[in-house]
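# Overview (structure and organization)
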Amino acid sequence: EQQLQRIGQLFGKAFVDSSLQIKFEAGGMILSGWIGTPDYSISQSDRQYFYLNGRGMRDKVISHAIRHVYQEQIPEGRYPSYLLNLQIDPEQVDVNVHPTKHEVRFRQGRMVHDFITTSLQRAFEEGGVSAVIHKSDIDMDTGELYPVFDDQESPMAIEDSATAYQ
């Protein structure tokens, strides 16, 4: 209750009314917080807060993962709003990339990217928001979905069929 009041003060009532609270855990990572649904987009990217182990930061891998989920759901020139915290083993993160430590490098960047993407997609599905399957995620020869994870083992247990994405 207090968290929602504080989020309302930062983001506004419209965000609180159209956001989804999320918490997903897999592969030693926990992603929690609030994400705005695609129908709540804003004209600036000033309401995008991402924390890594409780410390505010920006990262290209994370930004790309979030943009990938929203890219076909919100109009160009609009931005999603979110307040997310990723908890991960500090050994998996190099914080000495930037002098102010606002940028990091992940030891398994692709796994972090896919975990965030899959978590947000699942949050939309569970929240009743239509999930978008991107054309780049479909094998045009077979019509099957490509696996979410490349050579690494998936940190999330996802059903073998494409029904998890429908």
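Check the entry above for the structure.
Here's what I pulled together on the structure shown here. The structure presented is a predicted model; accordingly, all values stated were derived computationally and were not measured.

On to the overall build of the protein. Each helix and strand in the protein was counted, giving 4 helices and 9 strands. Secondary structure elements in the protein, listed N-terminal to C-terminal, are α-α-β-β-β-β-β-α-β-β-β-β-α. Residues classed as buried in the protein amount to 41% of the 166 residues present. Contacts spanning at least 24 positions in sequence make up 70% of the contacts within the protein whose residues lie at least 6 apart. Entry remark: accessible area of the protein is about 10000 Å², with carbon and sulfur atoms responsible for 46%.

Another point: the nonpolar core. Within the largest apolar cluster, 31 residues are counted, with the highest numbers of intra-cluster contacts made by Ile 35, Phe 50, Leu 86 and Ile 116. Looking at this core, the elements that each hand over two or more residues are strand E1 (19-26), strand E2 (29-36), strand E4 (48-52), helix H3 (60-70), strand E7 (82-87) and helix H4 (109-126). In terms of residue count, H4 provides more of this core than any other element does, 7 residues in total. If we ignore the near neighbours within four places in the chain, the residues touching Ile 35 are Phe 15, Ser 18, Ser 19, Leu 20, Ile 22, Tyr 70, Ser 81, Tyr 82, Leu 84, Leu 120, Ala 123 and Phe 124. In this structure, Ile 7, Phe 15, Tyr 40 and Leu 83 belong to the second largest nonpolar core, which totals 7 residues.

Calculation criteria
Residues numbered from 1 in each chain as written. Predicted model: local features only at pLDDT ≥ 70, side-chain atom pairs only at ≥ 80, totals over all residues. Heavy atoms only, no water. Helix = DSSP H or I, 4+ residues; strand = E, 2+ residues; numbered from the N terminus. Buried < 20%, exposed > 50% of the residue type's maximum accessible area, 1.4 Å probe, protein only. Contact = heavy atoms within 4.5 Å. Areas by Shrake-Rupley, 256 points an atom, 1.4 Å probe, with all protein chains shown as cover. Core = buried A, V, L, I, M, F, W, Y, C linked by side-chain atoms within 4.5 Å.

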